[in-house]
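Geometric and topological summary
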Amino acid sequence: MTTSVTDTVRLDLGPRSYDILVGDGVLADAGPRIAAVTRGRAPIVVTDENVAPLHLPTLERTLRETGVEPTQAIVLPAGEKTKDFAHFERLMDAILERGIERSAVLLALGGGVIGDITGFAAASALRGIDFIQVPTTLLSQVDSSVGGKTGINSRHGKNLIGAFHQPKLVIADTATLDTLPRREVLAGYAEVVKYGLIRLPDFFAWLEQNGPRVVAGDSDARRYAVTASCRAKADIVGVDERESGDRALLNLGHTFGHALEAATGFGARLLHGEAVSIGMVLAFDLSVRLGLCPAADADRARAHLAGVGLPVRPTDVPGVEWDVDGLILSMAKDKKVKDGRITFVLVRGLGDAFTLRDVEPAQVRALLEDAVSGN
Ligand SMILES: NC(=O)c1ccc[n+]([C@@H]2O[C@H](COP(=O)([O-])OP(=O)(O)OC[C@H]3O[C@@H](n4cnc5c(N)ncnc54)[C@H](O)[C@@H]3O)[C@@H](O)[C@H]2O)c1
Ligand SMILES: O=C(O)C(=O)C[C@@H](O)[C@H](O)[C@H](O)COP(=O)(O)O
Ligand SMILES: [Zn+2]
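This write-up is about the structure you can find in this document. (Residues numbered from 1 in each chain as written. Chains lettered and ligands numbered in written order. Predicted model: local features only at pLDDT ≥ 70, side-chain atom pairs only at ≥ 80, totals over all residues.)

Quick look at the site of ligand 2
Inclusion rule: Throughout this description, a residue near a molecule or strand is one whose C-beta atom, derived from the backbone, lies within 6 Å of it. Amino acids outside the nonpolar list (Ala, Val, Leu, Ile, Met, Phe, Trp, Tyr, Cys, Pro) and the charged list (Asp, Glu, Lys, Arg) are all regarded as polar, and Gly is one of them. Domain limits in this description derive from either an automatic procedure or a database domain assignment.
If you check the shell around ligand 2, you find Asp143, Gly147, Lys149, Asn159, Glu191, Glu243, Arg247, Leu250, Asn251, His254 and Lys335 and nothing else. Residue composition of the shell around ligand 2, by class: 1 nonpolar, 4 polar and 6 charged. Counting only domains with at least three residues in the shell around ligand 2, you end up with domain 1 (6–179) and domain 2 (196–372).

This is the structure in structure tokens:
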């Protein structure tokens, strides 16, 4: 298969720099690029039970065409619950059973769950081996495959165990999104909107016009949205790899969102992107309450997210009794907490996010109490 257009976004990180290839059908011809990283040997492919039957054959075909005989893939169960200690141990055993050397290369074929756990396995095996990201969800193409945050959840909270470990190459084949369920497409779309909300007001305006085309799978709109998102993330990570400054903006909606995810048990009831959608609206609402952001901007953000079909309030999640004390306890475990104070990502308006530490806890409690009671 010949690919139509392939965009290349470069993440500049000195010796850890890498390319992000974005294109409709780009995976089918990716063998030579993968072989260049693996030095002609087979990567150890990690994928999940949903993705394996759909997209593993394309990857294996291009490897064979390049003269690389694939080894048996490691197939994990699908879903957020796989990002835990038990599955991490299972994955590490499966990797180490192969008697690997430091030249071994892992390849994550799947969504953010597979990318995060495989990246952490790569960071851990023999104290660090190379890995390649082949993201197959909208969320993983626009966000999790880029930037080197890897890790797993713990019973203490979301992503609390992990490492910064950059991939050597990212291959985002937007054609793989044709098989993605609509709910997952929408969840990924929330992270696309995030880039507009934090620093790209023109991109947000483009999404207001073209978001429905992106979600419906229009090839050009989808590729544009993925490439623009990767570029936005690469620009931020390129100047702040380990989140000592502006990278925290990529956490818009996540302090609230991760607490909502923890409260629902990291399962299918609330997907990460859905939690981020609700969390971003809460961040806008908090900014309005603090007199920092015009209410009209918060309304526009909420209207766009709701308009494509994303949840925007905790009460949009069916069958959950929210406990505000529990949410606040979870938020206190956020990785941005410093000297006991939560760092909030807030906004002055659309496309103008910033961080703030001195938010009165009573304001946050009042916001959450109103939100969980539907006010
Ligand atoms: N590392 C980061 O910077 C970062 C950024 C954002 C999110 N994340 C993490 O990413 C995870 C969420 O990732 P996700 O939304 O991709 O979830 P996911 O990996 O669970 O994938 C969602 C579902 O789609 C299925 N799937 C994947 N590709 C498919 C395809 N092409 N066709 C059909 N089904 C397919 C999967 O099997 C799964 O059931 C969360 O754990 C979140 O914390 C990490
Ligand atoms: O890459 C980043 O930096 C992000 O914050 C991207 C987020 O979308 C992602 O969900 C990330 O895993 C959250 O970061 P965390 O440090 O709060 O776990
Ligand atoms: Zn996220």
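Here we look at the pairing of strand 9 (residues 169–173)
Which entries qualify depends on this criterion: Put plainly, a residue is buried at 20 or more neighbouring C-beta atoms within 10 Å of its own, exposed at 12 or fewer, and partly exposed in between, counting only other residues' C-beta atoms, which are placed from the backbone. Segments assigned H or I by DSSP are reported as helices when at least four residues long, segments assigned E as strands when at least two residues long, and all are numbered from the N terminus. For two strands to pair, DSSP has to find at least two bridges joining them.
Among the 5 residues that make up strand 9, 5 are buried, leaving the element largely enclosed by the rest of the structure. Of the two faces of strand 9, the one lined by Leu169, Ile171 and Asp173 and the one lined by Val170 and Ala172 are each fully buried. Sheet topology places strand 6 (residues 130–135) next to strand 9; 2 bridges connect them, and they run parallel. Within the sheet, the bridge partner assigned to Ile132 lies in strand 9 and is Leu169.

Here's the deal with the pairing of strand 10 (residues 344–349)
Of the pairings in the sheet, the one linking strand 10 to strand 11 (residues 352–356) comprises 5 bridges and is antiparallel in character. When the sheet's bridge partners are listed, Val347 is paired in strand 11 with Ala353. Hairpin connection from strand 10 to strand 11: 2 residues lie between these consecutive antiparallel strands, with Gly351 at a positive phi of about 80°.

With respect to helix 11 (residues 295–308)
Each α-helix winds once per 3.6 residues, and so residues spaced three or four apart point in a common direction. The following threshold applies: Expected helix span is taken as 1.5 Å per residue step, with the number of steps being one fewer than the number of residues. This arc is taken over the directions from the axis of the helix to the C-beta atoms. In this description, any two residues whose backbone-derived C-beta atoms lie within 7 Å of each other are considered to be in contact.
Taking 1.5 Å per residue as the helical rise, helix 11 with its 14 residues ought to reach 20 Å, and the 20 Å between its terminal C-alpha atoms agrees with that figure. Turning to helix 11, its buried residues are Asp297, Ala298, Ala301, His304 and Leu305. Projected onto a plane normal to the axis of helix 11, the buried residues spread over an arc of 130° and lie on a single side. With respect to the buried face of helix 11, the exposed residues turned more than 90 degrees away are Ala295, Ala296, Asp299, Ala303 and Gly307. On the buried face of helix 11, the contacting elements are helix 6 (182–199), helix 7 (201–216), helix 10 (272–289) and strand 10. Note on helix 11: the residue one or two positions beyond its end, Gly309, has a positive phi of about 110°.

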